[in-house]
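# Architecture and fold: a report
If you want the building blocks of each chain, they are given just below.
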Amino acid sequence: MHIEAIAIDDEPKALEVVAMLAEKVPFLTVKATFTDAFSAVPYLQQNKVDLLFLDIKMPDISGFEFLSTLSKKPKVIFTTAYSEYAVEAFEVDAVDYLMKPFSLARFSKACNKA
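Residues numbered from 1 in each chain as written. Predicted model: local features only at pLDDT ≥ 70, side-chain atom pairs only at ≥ 80, totals over all residues. Heavy atoms only, no water.

### Quick look at the packing of aromatic side chains
Applied cut-off: The rule is short: rings of Phe, Tyr and Trp, with Trp giving its six-membered ring, pair when the centres are within 6.5 Å, and they are stacked under 30 degrees, edge-to-face over 60, tilted in between. Burial classes: relative accessible area under 20% of the type maximum marks a residue as buried, over 50% as exposed, and values in between as partly exposed (1.4 Å probe, protein chains only). The numbering of helices and of strands both runs from the N terminus, where a helix is a DSSP run of H or I of at least 4 residues and a strand a run of E of at least 2. In this scheme, Lys NZ or Arg CZ marks a charge over a ring once it lies within 6 Å of the ring centre and within 35 degrees of the ring normal.
With the rule as written, the count across this model stands at 6 aromatic pairs. Consider the rings of Phe-34 and Tyr-43, whose centres lie 5.9 Å apart with planes at 55°: the pair is tilted. Each member of the pair, Phe-34 as well as Tyr-43, is classed as buried. Relative to Phe-78, the ring of Phe-64 lies with its centre 4.9 Å away and its plane at 45°, an arrangement referred to as tilted. Of this pair, Phe-64 sits in helix 3 (residues 63-69) while Phe-78 sits in strand 4 (residues 75-80), and the two are 14 residues apart along the sequence. Like Phe-64, the residue Phe-78 is buried in the burial classification. Its end group placed over the ring of Tyr-82, Lys-57 keeps NZ or CZ at 4.5 Å from the ring centre.

### A closer look at the side chain of Asp-9
Keep this limit in mind: Think of a polar contact as two N or O atoms within 3.5 Å of one another; within protein, one of them needs to be a possible hydrogen donor and the other a possible acceptor, and neighboring residues in sequence only count if both atoms come from side chains.
With respect to the secondary-structure elements, Asp-9 resides in the loop between strand 1 (3-8) and helix 1 (12-22). A polar atom in the side chain of Asp-9 sits 2.9 Å from the backbone nitrogen of Glu-11.

### Thoughts on the sheet that holds strand 3 (residues 51-54)
To keep it simple, the criterion reads: Two strands are said to pair when DSSP picks up at least two bridges between them. Between N-to-C directions, angles span 0 to 180 degrees; the directions come from axes that are lines fitted to C-alpha atoms, helices contributing only their stretch in contact. By definition in these notes, contact holds between two residues if any of their heavy atoms fall within 4.5 Å.
Read from one edge of the open sheet, 5 strands run 2-1-3-4-5, paired in parallel fashion. Single-partner strands in this sheet number two, and they are strand 2 (28-34) and strand 5 (96-99). Between one strand and the next, the sheet's axes are offset by a mean angle of 20°, whatever the strand orientation. In terms of strand pairing, strand 4 meets strand 5 through 4 bridges, oriented parallel. Among the inter-strand pairings, Thr-79 is bridged to a residue of strand 5, identified as Leu-98. Here helix 1 sits on the sheet and contacts strand 1, strand 2 and strand 3; the angle it forms with strand 2, its principal contact strand, is near 165°.

### What about the pattern of salt bridges?
Our working rule: For this analysis, a salt bridge means a side-chain nitrogen from Lys or Arg found within 4 Å of a carboxyl oxygen belonging to Asp or Glu.
One pass over the full model with this rule turns up 7 salt bridges. Note that Glu-16 and Lys-13 form a salt bridge whose closest N and O atoms lie 3.8 Å from each other. You can see Glu-16 and its partner Lys-13 sitting in helix 1, 3 residues apart, about one turn around the helix. We note a salt bridge from Asp-50 to Lys-48, for which the minimum N-O separation is 2.8 Å.

### Side note on helix 2 (residues 37-46)
Worth spelling out the cut-off: What the arc measures is the spread of directions leading from the helix axis to the C-beta atoms.
Taken together, the buried positions of helix 2 are Ala-37, Ala-40, Tyr-43 and Leu-44. Summarising the axial view, the buried residues of helix 2 lie within an arc of 105°, below the 170-degree limit, and thus occupy one face. The exposed residues of helix 2 that point more than 90 degrees off its buried face are Gln-45 and Gln-46. Elements that come into contact with the buried residues of helix 2 comprise strand 1, strand 2 and helix 3. Of the residues flanking the start of helix 2, the one acting as N-cap is Asp-36, its side-chain oxygen 2.9 Å from the backbone nitrogen of Phe-38.

### Examining the environment of Thr-29
Positionally, Thr-29 belongs in strand 2. Judged by relative accessible area, Thr-29 falls into the partly exposed class, the value being 29%. Separated by 22 residues in the primary sequence, Thr-29 and Leu-51 place their C-alpha atoms 9.7 Å from one another. Non-local contacts of Thr-29, meaning those with residues more than four positions away in its chain, are made with His-2, Ile-3, Glu-4 and Ala-5. Of the polar contacts made by the side chain of Thr-29, one reaches the side chain of His-2; its length is 2.5 Å.

Functional significance is not addressed by these values, which are geometric in nature.
Right under this line is the structure:
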């Protein structure tokens, strides 16, 4: 099975890390990255997305708020620097919760769960 993903994070460097690590996971392709959750909406409406790498603390809308707006929810792996949202992440059925900075091994483990 091949997983098609997108990543949303207000930090461009964090998106670069996700894209770089994804290149090393053979069954995963990050098709697009967005620094603003709202700019991802048209992409999500027009494309099949299996997995969403999603930051939690972003300007304008949190990752949780954004996820709640989606009618078709892809699987989600939260990528964040904050540990205090882990319980809430699993309450919304997140596949995994990656604490920044995360290693390739930890990233791969999360992708394998998806």
